[in-house]
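Each chain is listed here by its residues.
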Amino acid sequence: MKREIEIFEHAGEVVKALKTGVLLTTKAENKVNSMTIGWGTLGVIWGKPTFIAFVRENRFTTSQLEKNPEFTVNIPQGAFNKNIVGACGTKSGRDMDKIKELGLTLETPEVISVPGIKELPLTLECRVMYQQKQDAQAIGDEIKKAFYPQDIDSCAPRANRDFHVAYYAEIVRAYIIE
Ligand SMILES: Cc1cc2nc3c(=O)[nH]c(=O)nc-3n(C[C@H](O)[C@H](O)[C@H](O)COP(=O)(O)O)c2cc1C
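Predicted, not measured: the structure shown is a model, and the values here were computed from it.

## Examining the pairing of strand E9 (residues 122-133)
Strand direction decides the pairing type here: strand E6 (residues 70-75) and E9, joined by six bridges, are antiparallel. Bridging across to E9, Ile-75 finds its partner in Leu-122. Here E9 pairs with strand E10 (residues 164-177) via 11 bridges, running antiparallel. Residue Tyr-130 lies in a different strand from E10, and its bridge partner there is Tyr-168.

Right under this line is the structure:
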């Protein structure tokens, strides 16, 4: 069962959860894949409730989003298996089926084509409205040195050569899976 929520009433919970990681799930050519994200913005753009996710250019998730520009964001509530966020943040969907290996339960979506993850029940269904690759020239030196030091190859989980693509997505549904 899903309990619809007013997303901005849960804004603090969503933003706080980013500190330890939430899941961003994609689906393309029938492959469902979750990755952990720690960066995100919740707000209003073009009059629409919006979640902006930042995904490095060469992630497997980026290739999924190119094929199907929709994603779910799943936020934990209460006690949950922290290994889920750890594994989804260190293993790639390129090499494994994270959903199967971690025994994650898919929840049928309401509006988009990408399922949510029941184990992290607060769910946002998101549809990309606009995407923009970060302009390397416009990023200050201090940030560049800290986040893009260019010493880990682009396909590795801790890749740091690539800049991020910002995905501005309309939140088309928000609910808690019960
Ligand atoms: C706590 C945490 C937060 C993370 N946040 C992000 C993020 O916001 N953007 C990003 O591109 N990668 C982030 N990562 C790294 C990806 O989750 C990781 O590279 C993952 O293996 C990518 O999955 P994929 O190859 O299936 O796309 C984070 C990792 C952890 C552990």
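## What to know about the nonpolar core
Of all hydrophobic cores here, the largest spans 27 residues; its most connected members are Phe-51, Phe-71 and Leu-124. Looking at this core, the elements that each hand over two or more residues are helix H1 (11-18), strand E2 (22-28), strand E3 (31-37), strand E5 (48-56), E6, E9 and E10. One finds Leu-23, Val-85, Leu-104 and Leu-120 within the second-largest nonpolar core, a separate group that totals nine residues.

## Here's the deal with the pattern of salt bridges
Counting across every chain of the model gives seven salt bridges. Here Glu-4 ties to Arg-173 by a salt bridge, and the two come within 3.3 Å at their closest N and O atoms. In this pair, Glu-4 is assigned in strand E1 (residues 2-4) and Arg-173 in strand E10, connecting sequence segments 169 residues apart. Relative accessible area serves as the criterion here: at 51%, Glu-4 is assigned to the exposed category. Residue Arg-173 is classed as partly exposed on the basis of its relative accessible area, which comes to 30%. Through salt bridges that share partners, Lys-2, Glu-107 and Glu-110 make up one connected network.

Here is what the cut-offs are and how they apply
Residues numbered from 1 in each chain as written. Predicted model: local features only at pLDDT ≥ 70, side-chain atom pairs only at ≥ 80, totals over all residues. Heavy atoms only, no water. Pairing = 2+ DSSP bridges. Helix = DSSP H or I, 4+ residues; strand = E, 2+ residues; numbered from the N terminus. Core = buried A, V, L, I, M, F, W, Y, C linked by side-chain atoms within 4.5 Å. Buried < 20%, exposed > 50% of the residue type's maximum accessible area, 1.4 Å probe, protein only. Salt bridge = Lys/Arg side-chain N within 4 Å of Asp/Glu carboxyl O.

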